[in-house]
Each structure stands twice: as structure tokens, then as C-alpha cells.
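One letter stands for each residue in the lines below.
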Amino acid sequence: SREAVETLCQQAAQHLAMTHVFNAPEFSDRTQFRSAFDALLRADLVHLDSADSVHFEPSLLARAEDASFLLPPDTRAAVLRAAQRQQATIAASA
């Protein structure tokens, strides 16, 4: 759901802030993630179905892969570890 995506993004940002000592509260501000999600909807890069499930367009996934190279290797690795932990948490609660 949109709520779950926003929550996971916020948690990942908080994790990055703690592990990479970003001292900026706006880095994990939920409002930022809502605005970003709205922009993705307007750009037709994500879609919500009638059950509020989020569907990502293949072009967004390709852009995310390209953008990952903008991050330093240690930050990219931290993001991937955080995502894997979140996936494991979601799978365990299902």
C-alpha cells in the first residue's frame, strides 16, 4: 500500500541517517515521502489499484537501478541491507 511504501522509505532514511550520521531531521520527514510519492503518481511511474496496492512501472525500476550508482558504495550497500531487513520483516509478519 502507499502507506507501507511511505513507512518503509521513512524507516530506510532513518536507518541511513543513523549509520551515516546525517544530522538533518528533514532527511526522514514523512511529508517529503508523501510529496515524492505524489510526484511519482503524476508522472505515471507508480499506480494504485482499487485495493490500494502499489504497482511500479518498469521504467521506474530501471531509473532506480541507474540512480543507485550516484550513491557511494558503502551507502548503496547500507540501503540494500536495510531493504533486505525490511523485506524479511514483512515476510515474517505475513
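See the structure printed just above.
Since this is a predicted model, take the numbers as computed values, not measurements.

Some thoughts on unusual backbone geometry
Okay, step 1: Of note in the backbone geometry, D44 takes a positive phi value of approximately 60 degrees without being a glycine.
Okay, step 2: Inspection of the secondary structure puts D44 in the loop between α2 (30–42) and β1 (46–48).
Okay, step 3: Of note in the backbone geometry, D52 takes a positive phi value of approximately 65 degrees without being a glycine.
Okay, step 4: For D52, a relative accessible area of 34% translates into the label partly exposed.

A word on the pattern of salt bridges
Okay, step 1: Under the criterion given, the structure shown has five salt bridges.
Okay, step 2: The partner of E6 in a salt bridge is R2, and the shortest N-O contact between them spans 2.7 Å. Taken together, the residues span about one helical turn, with E6 and R2 both in helix α1 (residues 2–20) at a distance of four residues.
Okay, step 3: Linking E6 and R30 is a salt bridge whose minimum nitrogen-to-oxygen distance equals 3.7 Å. With a gap of 24 residues between them, E6 in helix α1 and R30 in helix α2 connect regions that are remote in the sequence.
Okay, step 4: Take R30: its relative accessible area is 14%, and that puts it in the buried class.
Okay, step 5: Salt bridges linked by common partners bring R2, E3, E6, R30, R34 and D38 together as one network.

A closer look at the nonpolar core
Okay, step 1: If you look at the biggest cluster of nonpolar residues, it comprises five residues: F37, L45, V46, V54 and L60.
Okay, step 2: Beyond its immediate stretch of four places on either side in the chain, F37 contacts R2, V5, E6, V46, L48 and V54.

A few points about the side chain of E6
Okay, step 1: Here E6 falls in the buried class, since its relative accessible area comes to 4%.
Okay, step 2: Those residues within four positions of E6 in sequence are excluded, and the remaining contacts are R30, F33, R34 and F37.

A short note on the environment of A12
Okay, step 1: Within the secondary structure, A12 sits in helix α1.
Okay, step 2: With relative accessibility at 26%, the residue A12 sits in the partly exposed group.
Okay, step 3: Put simply, A12 and A82 are 70 residues apart on the chain and 6.1 Å apart in space, counted from C-alpha to C-alpha.

Looking at the side chain of R2
Okay, step 1: Polar contacts involving the side chain of R2 include one to the side chain of E6, which spans 2.7 Å.
Okay, step 2: When neighbours within four sequence positions are excluded, R2 is seen to be in contact with R34, F37, D38, L41, L48, D52 and V54.

Observations regarding α2
Okay, step 1: Here α2 contains 13 residues, and its C-alpha end-to-end distance of 19 Å stays within 8% of the 18 Å for a straight helix at 1.5 Å per residue.
Okay, step 2: Of the positions making up α2, those classed as buried are R30, F33 and F37. The buried residues of α2 occupy an angular sector of 60 degrees when the element is viewed end-on, so they sit on one face.
Okay, step 3: Within two residues after α2, D44 carries a phi angle of roughly 60 degrees, on the positive side.

Parameters and conventions
- Residues numbered from 1 in each chain as written.
- Predicted model: local features only at pLDDT ≥ 70, side-chain atom pairs only at ≥ 80, totals over all residues.
- Heavy atoms only, no water.
- Helix = DSSP H or I, 4+ residues; strand = E, 2+ residues; numbered from the N terminus.
- Buried < 20%, exposed > 50% of the residue type's maximum accessible area, 1.4 Å probe, protein only.
- Salt bridge = Lys/Arg side-chain N within 4 Å of Asp/Glu carboxyl O.
- Core = buried A, V, L, I, M, F, W, Y, C linked by side-chain atoms within 4.5 Å.
- Contact = heavy atoms within 4.5 Å.
- Polar contact = N/O pair within 3.5 Å; in protein donor to acceptor, adjacent residues only side chain to side chain.
- Expected span 1.5 Å × (residues − 1).
- Arc of directions from axis to C-beta.

The values reported here are purely geometric and, on their own, carry no functional implication.
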